[in-house]
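# Structure assessment
So the chains spell out like this:
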Amino acid sequence: MGYKAKFKVWRGDAEGGDLQDFTVEVNEGEVVLDVIHRLQATQAPDMAVRWNCKAGKCGSCSAEINGRPRLLCMTRMSTFTEDETVTVTPMRTFPVIRDLVTDVSYNYEKAREVPAFAPPEGVEPGEYRMQQIDVERSQEFRKCIECFLCQNTCHVVRDHEENKTNFSGPRFLMRIAELDMHPLDAHENRAQEAKTDHGLGFCNITKCCTEVCPEHIKITDNALIPMKERVADHYYDPILRLFKR
Ligand code: SF4
Ligand code: F3S
Ligand code: FES
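Residues numbered from 1 in each chain as written. Chains lettered and ligands numbered in written order. Predicted model: local features only at pLDDT ≥ 70, side-chain atom pairs only at ≥ 80, totals over all residues. Heavy atoms only, no water.

### Description of the site of ligand 1
Around ligand 1 sit Cys-144, Ile-145, Glu-146, Cys-147, Phe-148, Cys-150, Arg-171, Met-174, Cys-213, Pro-214 and Ile-219, and those are all the residues in its vicinity. Taken together, the residues of the shell around ligand 1 sort by class into nine nonpolar, no polar and two charged. (Near = heavy atom within 4 Å. Nonpolar A, V, L, I, M, F, W, Y, C, P; charged D, E, K, R; others polar.)

### Regarding helix α2 (residues 105–112)
Of all the residues in α2, the buried ones are Tyr-106, Asn-107 and Lys-110. One face of α2 carries all of its buried residues, which in axial projection span an arc of 95 degrees. In the core, the buried residues of α2 are packed alongside α4 (149–153), α5 (155–158) and α6 (170–180). (Buried < 20%, exposed > 50% of the residue type's maximum accessible area, 1.4 Å probe, protein only. Helix = DSSP H or I, 4+ residues; strand = E, 2+ residues; numbered from the N terminus. Arc of directions from axis to C-beta. Contact = heavy atoms within 4.5 Å.)

### Points about the side chain of Thr-93
Positionally, Thr-93 belongs in the loop between β5 (85–89) and β6 (96–98). Looking at Thr-93, its side chain comes within polar contact range of the main-chain oxygen of Asn-152, at 2.6 Å. (Polar contact = N/O pair within 3.5 Å; in protein donor to acceptor, adjacent residues only side chain to side chain.)

### Some remarks on the nonpolar core
Grouped together as the largest cluster of nonpolar side chains are 62 residues, with contacts concentrated most on Phe-7, Val-32, Ile-36, Leu-72, Met-77 and Val-88. Here the element with the most residues in this core is α6; it accounts for six residues. Look past the residues within four positions of Ile-36 in its chain and what remains in contact with it is Val-9, Met-47, Val-49, Val-88 and Leu-100. (Core = buried A, V, L, I, M, F, W, Y, C linked by side-chain atoms within 4.5 Å.)

### Brief notes about the pairing of β5
Consecutive side chains of a regular strand alternate in pointing toward one face of the sheet and then the other. Within β5, four of the five residues are buried, which leaves it mostly tucked inside the rest of the structure. Bridge analysis of strand β1 (residues 3–13) against β5 gives four bridges, and the strand direction is parallel. Note on β5: the bridge partner recorded for Lys-8 is Thr-87. (Pairing = 2+ DSSP bridges.)

### Thoughts on the side chain of Asn-107
One can find Asn-107 in helix α2. With a relative accessible area of 0%, Asn-107 lands in the buried category. Leaving out residues up to four positions away in the same chain, Asn-107 has contacts with Phe-94, Phe-148, Gln-151 and Phe-172.

### Digging into the pairing of β1
As defined by bridge partners, β1 adjoins strand β2 (residues 16–26) across eleven bridges and the pair is classed as antiparallel. Counted as the bridge partner of Lys-6 is Thr-23 from β2. With antiparallel pairing between neighbouring strands as the criterion, β1 and β2 make up a hairpin whose turn holds two residues.

### A word on the site of ligand 2
Inspection of the region around ligand 2 gives Cys-154, His-155, Pro-170, Cys-203, Asn-204, Ile-205, Thr-206, Lys-207, Cys-208, Cys-209, Thr-220 and Leu-224 as its neighbouring residues. Tallied by class, residues from the shell around ligand 2 come to seven nonpolar, four polar and one charged.

### Points about the confidence of the model for the chain
Here the chain averages 95 in pLDDT, while 96% of its residues score no lower than 70. Per the prediction output, this complex has pTM 0.93; the corresponding ipTM is 0.99. (pLDDT = per-residue confidence, 0-100.)

### Digging into the packing of aromatic side chains
For the structure shown, the criterion picks out five aromatic pairs. Ring plane angle 35 degrees and centroid distance 6.3 Å describe the contact between Phe-94 and Tyr-106, whose orientation is recorded as tilted. Of this pair, Phe-94 sits in the loop between β5 and β6 while Tyr-106 sits in helix α2; the two residues are twelve residues apart in sequence, bridging distant segments of the chain. For Phe-94, a relative accessible area of 3% gives the class buried. Relative to Phe-148, the ring of Tyr-108 lies with its centre 5.7 Å away and its plane at 80 degrees, an arrangement referred to as edge-to-face. (Phe/Tyr/Trp six-rings, centres within 6.5 Å; stacked < 30°, edge-to-face > 60°.)

### Here's the deal with unusual backbone geometry
Phi is positive for Asn-66, which is not a glycine, with a value near 50 degrees. With respect to the secondary-structure elements, Asn-66 resides in the loop between β3 (62–65) and β4 (68–71). Phi at Glu-146 takes a positive value of approximately 55 degrees, unusual for a residue other than glycine. By the secondary structure assignment, Glu-146 is in the loop between α3 (132–139) and α4.

Here it is in structure tokens:
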């Protein structure tokens, strides 16, 4: 059965904005993105929202719903009671372009700073061989849809614009961990670079990134903590230090 829901949607641009109130029809089985589309169709044709697949796979529709970072297309209206006001705001960590659309270029800049997979010399594509166990270890990380909800949530940058230069964020530290676990990757010192160039030390394993990941990737436990351990081994293991000397 349909009902009328109360919505508050942030409207504005880089200059500023405010929450705008709406009363809007909701039908059974709908997600928040359906309701935003209905608002566009009936009451606010110029409301900006980024989306693509409506299936939780393109990572475009990230926003904050009642203060919680989520995908608009994967948040069912049945999550809320019928008399609850649903507040939709843009991701807070990135600059607003308009309404619910933010400028996520910080993430693309950080992606470019991670050196690409480096195959061993003399091995051609098609000749790569690796154990199934090594394939499986990083399989989880390749589920990432680049929604950047983890990047938006991590407190290191969420409230500290000044840290953006030195911190690549959970998504890209995880990418470095994935490459570091790759048995054929010939780029040396990935873990050490995570510390020196990508700000791994800023992460104090609060796990907020893991909590909001729509792909349920265990970013902290399976990527960041193991990489911190390898960095600690490198810098502080007394036997390794002896060898290095
Ligand atoms: Fe999104 Fe998860 Fe990938 Fe982060 S790790 S960008 S939360 S899918
Ligand atoms: Fe940030 Fe995740 Fe670490 S939220 S502090 S990157 S565990
Ligand atoms: Fe693609 Fe939501 S529209 S993830």
